[in-house]
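# Examining the three-dimensional arrangement
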Amino acid sequence: MLTIALSKGRILEQTLPLLKKAGLEIADEELNSRKLILDTNLEDIKVIIIRATDVPVFVQHGAADIGIAGKDVLLEHGANGLFEMLDLGIAKCKLMVAAKSPDYQQTGVLKVATKYVKSAKQYFEKKGQPCEIIKLYGAMELAPVVGLSHCIVDLVDTGNTLKANGLIPLDHIVDISSRLVVNSASFKTKNTVIKAWIKAIEKNL
Ligand code: AMP
């Protein structure tokens, strides 16, 4: 039995065609149901649907053998106990610093609102900019506008969300895309089957 962890939203939408090309399909009735464990066309493969940030956690602990998660999520998790095997090249975007104006930097402590605490801390530490990270779970764009922070660190795709909230994308931290990760123990015990799936997916990228 092989368990694959996916998250709802853009990753699921863009992953399903890749899995289909590799020979793995999930029926619409399964996808549209409220089930969290989905059957596939293959009896020995199940798909679990969880929150994006939980994907590396399930894979790390072996509750899923394979997971597909954004690099942003993997950087925050730290990727302990799992191997990043494949860049799927989907759900591409950039992790960026955005603010109301280009001169957002402070001589004192810079207040940074973000969901990406680890990546943001690392980025500003490297630059030698003292910072206070304010952890938010959403609507980051609001923080500089209402004076909660000097800037934000968030994912940027088209830049429309920033623009709509009067923010400018400024510093590029890292390019993001979805990665296929494998539990390190599963990689040993189910090596042949996992490698075969990776190969089948990679062939169609
Ligand atoms: P945009 O307005 O196109 O720049 O999209 C920015 C919004 O979409 C932000 O709220 C991001 O958190 C989210 N977003 C953009 N790309 C991704 C992605 N690849 N994965 C997850 N969230 C994303």
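As recorded in an unreviewed UniProt entry, the protein chain goes by the name ATP phosphoribosyltransferase, listed as coming from Candidatus Thioglobus autotrophicus. Word for word, the UniProt comment on the protein chain under Pathway (unreviewed entry) is "Amino-acid biosynthesis; L-histidine biosynthesis; L-histidine from 5-phospho-alpha-D-ribose 1-diphosphate: step 1/9."

Another point: the sheet that holds strand S6 (residues 93-99). Here five strands make up an open sheet; going across it, the order is S8-S7-S9-S6-S10 and the pairing mixed. For this open sheet the edge positions go to strand S8 (131-135) and strand S10 (168-176), each flanked by a neighbour on one side alone. Strand after strand, the sheet turns through a mean of 25° between neighbouring axes, direction not considered. Here strand S7 (residues 110-114) pairs with S8 via five bridges, running parallel. By the bridge assignment, threonine 114 is partnered in S8 with lysine 135.

Positive phi, close to 50°, is recorded for alanine 91, a residue that is not glycine. Accessibility expressed as a relative area gives 13% for alanine 91, which makes it buried. Notably, alanine 139 is not glycine yet its phi reads approximately 45°, a positive angle. As for its position among the elements, alanine 139 is in the loop between S8 and helix H6 (142-145).

A separate point is the pattern of salt bridges. For the coordinates displayed, the defined rule picks out eight salt bridges. Between lysine 46 and aspartate 39 there is a salt bridge; the shortest N-O distance is 3.1 Å. For aspartate 39, a relative accessible area of 34% puts it in the partly exposed group. Aspartate 171 serves as the salt-bridge partner of lysine 127, at 3.6 Å between the closest nitrogen and oxygen. Taken together, the residues span a long stretch of sequence, with lysine 127 in helix H5 (residues 117-127) and aspartate 171 in strand S10 at a distance of 44 residues. The class for lysine 127 is partly exposed, based on a relative accessible area of 38%. When salt bridges with common partners are traced through the structure, they connect Glu30, Lys35, Asp39 and Lys46 into a single cluster.

Cut-offs and rules
Residues numbered from 1 in each chain as written. Predicted model: local features only at pLDDT ≥ 70, side-chain atom pairs only at ≥ 80, totals over all residues. Heavy atoms only, no water. UniProt positions renumbered as here; feature names shortened; annotations may be inferred. Pairing = 2+ DSSP bridges. Helix = DSSP H or I, 4+ residues; strand = E, 2+ residues; numbered from the N terminus. Axes fitted to C-alpha atoms, helices over the stretch in contact; angles between N-to-C directions. Buried < 20%, exposed > 50% of the residue type's maximum accessible area, 1.4 Å probe, protein only. Salt bridge = Lys/Arg side-chain N within 4 Å of Asp/Glu carboxyl O.

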